[in-house]
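# Examining the three-dimensional arrangement
Below, each chain spelled out in residue letters.
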Amino acid sequence: MEKYIFITGGVVSSLGKGISGASIGKLLQLHGFKVTMIKFDPYINVDPGTMNPYQHGEVFVTIDGAESDLDLGTYERFLDIYTSKANTNTAGDIYQTVINKERRGDYSGDTVQVIPHITDEIKRRFRALKDNFDVSIIEIGGTIGDIEGLPFIEAARQFQLENRREDIFFVHATLVPYITGANELKTKPTQHSVNKLREIGISPDMIICRTGYKLNSPLKKKISLFCNVNENCVIEALDNPYVYSIPEALHKQNVDSLIMEKLNIKSIKRFDKEWFVKVRLLREFNKKVNIAVVGKYATLKDAYKSIEESLNIAASELDAKAEIHYLNAVDDNGLIEKLRNCSAILVPGGFGNRGIEGKIKSITYARENKIPFLGICLGMQCSVIEVSRNLARLEDANSTEFDENTKYPVIKILDEQKKIKYRGGTMRLGNYKSEIKKDTITYDLYRSVEIEERHRHRYEMNPEFISVLEKVGLLVSAYHKGVLPEIIEMRDHPFFIGVQFHPEFASRPMKPHPLFKGFVRAALERESTNYY
Ligand code: GLN
């Protein structure tokens, strides 16, 4: 079976196209189909790895080391799949492939053009995963009408011409805004954006209308008539902060059966309604737990999307709601005061000097007051610096990322990384194995000696300092190939763990990551003692 569902967006960005697509994918999975999702981003960056999280949110890392858009995290969590390089594409990366081919002479003197060369490369990537999945859901980033999105829409148009129409389904996600003065929901922006799509030659099969209010039947009729879609294919997507309940909301409007009918496919197994029940249960809790995330991007939650998801998932498994407090490490005015209201402290990954001292200060506070601490990547590196300075008395110990000439380079760059000139895609990226030592908190959490986790960093804990630091209570509880420290913990502390990798990318609803589960459990224990 080789079926494709395209998702485009109209009117404005941030409509939740990724979540709508992933929800459709989930429904098809519950019918027994193997589903994957592929993202196409129209910007020129070769990947989002070098983009500012303020503009683009977190960089999600796949197990094979692609630095991708955060939507891939949504796909992985909803569908419980592993994505790869083939699931993430940008205009920059597609042009680079075509230009490299041109330089090699692969086009034998042809004039290389957007149509057909760029569109051919895009279509090749639409098909990239067809052999392993029944349905590929293809999300085209950006908004209809953007100049840079045109080659992708054009490629989708050609794709429908070259394939059987029953193998392709087009979903267009739009906004139906509410105008206060008129007291009315307005369909005009939807009409215009569908017109734009039809100008290019694509007529959507379904319109998903993001709205703050219910769509009544006359309004749906109007959209149906003006946009040339059946009325039952005008779908209401009410604002909904709990994204995992969206598949059920779409199922109630028959989205899955409408799509399956058009694609001419039948359920492979009895529809698994249990998933809706399990998802509903995740929202029921009797406890609350306050957790601080001390980072540089405190005002933009999307910068820590997978961390937030991981904390929420772990908390709900433990019958609790995570109240996450994003604290700014850069402006550390009153930082410690704010930490006093929290039962656990997480220091996430990051790059560059800003906020480092605030993070280190928070770690001292966590260590001295026996507050559960989880340091992720840069957070782990900061904890090594903290212990070096304050317990091992290695004055001004630092990472060479922040002080190249530090006397005590407890975090340093690997020799092979030193030669690298380019910024993008040149870190230690993707899954690496580590071996865990028994009789450690780490082992108690993972209950396994060998693990594989996703990495995204250049610097490492310097093995030369391990013995000095182990004398003052730090313990390296996992190594890569017996030499590179992967996990550290503090003896004589209920939960103080730093990891060189990013466990947050591996959490799934109903399957919390063991580190996050342990961390939130420790936080709950602290919360119940209530002595801060
Ligand atoms: N800046 C650090 C490094 O490159 C940490 C990276 C991270 O936290 N992802 O090693």
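Right above here is the structure, for reference.
Residues numbered from 1 in each chain as written. Predicted model: local features only at pLDDT ≥ 70, side-chain atom pairs only at ≥ 80, totals over all residues. Heavy atoms only, no water.

To continue, consider the site of the ligand. Around the ligand lies a shell formed by Gly349, Gly350, Phe351, Cys377, Leu378, Gln381, Glu401, Arg456, His457, Arg458, Tyr459 and His502. The backbone of arginine 456 places a nitrogen or oxygen atom 2.8 Å from a nitrogen atom of the ligand. Take arginine 458: an N or O atom from its main chain is 3.0 Å from an oxygen atom of the ligand. Taking 300 Å² as the accessible area of the ligand by itself, protein coverage stands at 99%. Mapped by element, the contributors of at least two residues to the shell around the ligand are α15 (378-390) and β19 (450-457). Class assignment of the residues belonging to the shell around the ligand gives a composition of four nonpolar, five polar and three charged. (Near = heavy atom within 4 Å. Polar contact = N/O pair within 3.5 Å; in protein donor to acceptor, adjacent residues only side chain to side chain. Areas by Shrake-Rupley, 256 points an atom, 1.4 Å probe, with all protein chains shown as cover. Helix = DSSP H or I, 4+ residues; strand = E, 2+ residues; numbered from the N terminus. Nonpolar A, V, L, I, M, F, W, Y, C, P; charged D, E, K, R; others polar.)

Here we come to empty space enclosed by the protein. Applying the stated criterion across every chain yields a total of one cavity of 30 Å³ or more. Taken as a whole, the largest cavity holds about 40 Å³ of empty space. Residue lining of the largest cavity: Phe6, Thr8, Phe170, Val171, His172, Leu197, Ile202 and Pro204, and that is the complete set. (1 Å grid on protein atoms, 1.4 Å probe; cavity = no way out; pocket = protein on both sides within 12 Å on 5 of 7 lines; lining within 4 Å. Points joined across faces, edges and corners; volume = space filled by probe spheres on them.)

Moving on, we come to unusual backbone geometry. Geometrically, the link from isoleucine 115 to proline 116 is a cis peptide bond, its omega value of 10 degrees lying close to zero. Within the secondary structure, proline 116 sits in helix α5 (residues 114-126). Despite not being glycine, asparagine 264 has its phi angle at roughly 60 degrees, a positive value. On the basis of relative accessibility, which here comes to 52%, the residue asparagine 264 falls in the exposed class. The backbone phi angle of aspartate 492 is positive, close to 60 degrees, even though this residue is not glycine. In this structure, aspartate 492 sits in the loop between β22 (484-490) and β23 (496-499). (Buried < 20%, exposed > 50% of the residue type's maximum accessible area, 1.4 Å probe, protein only.)

So, on to the side chain of glutamate 504. Position of glutamate 504 relative to the elements: it lies in the loop between β23 and α19 (514-529). Buried charge without a partner: glutamate 504 forms no salt bridge, and the closest opposite charge is arginine 456, 8.3 Å away. (Lys, Arg positive; Asp, Glu negative; His and termini not counted. Salt bridge = Lys/Arg side-chain N within 4 Å of Asp/Glu carboxyl O.)

A few words on α19. Between its terminal C-alpha atoms α19 stretches 23 Å, which fits the 22 Å expected from 16 residues at 1.5 Å a residue. Within the sequence span of α19, burial applies to Leu515, Phe516, Gly518, Phe519, Val520, Ala522, Ala523, Leu524, Arg526 and Glu527. (Expected span 1.5 Å × (residues − 1).)

Right, let's talk about the pattern of salt bridges for a bit. Counted by the stated rule, this structure contains 40 salt bridges. The partner of glutamate 386 in a salt bridge is arginine 367, and the shortest N-O contact between them spans 2.7 Å. With glutamate 386 in helix α15 and arginine 367 in helix α14 (residues 356-368), this residue pair connects regions lying 19 residues apart in the sequence. On the accessibility criterion, glutamate 386 (0% relative accessible area) is buried. Of the charged contacts, one joins aspartate 444 and arginine 447 as a salt bridge, the two residues approaching to 3.7 Å between their closest N and O atoms. In this structure, a network of salt bridges that share partners links the residues Lys39, Asp41, Asp69, Asp71 and Glu139.

Structurally, glutamate 2 is set in the segment before β1 (3-9). Its relative accessible area of 32% is what places glutamate 2 among the partly exposed residues. Considered as a pair, glutamate 2 and glycine 18 are 16 residues apart in the sequence and their alpha carbons are 21 Å apart. Those residues in contact with glutamate 2 that lie beyond four places of it in its chain are Arg127, Lys130, Asp134 and Asp167. (Contact = heavy atoms within 4.5 Å.)

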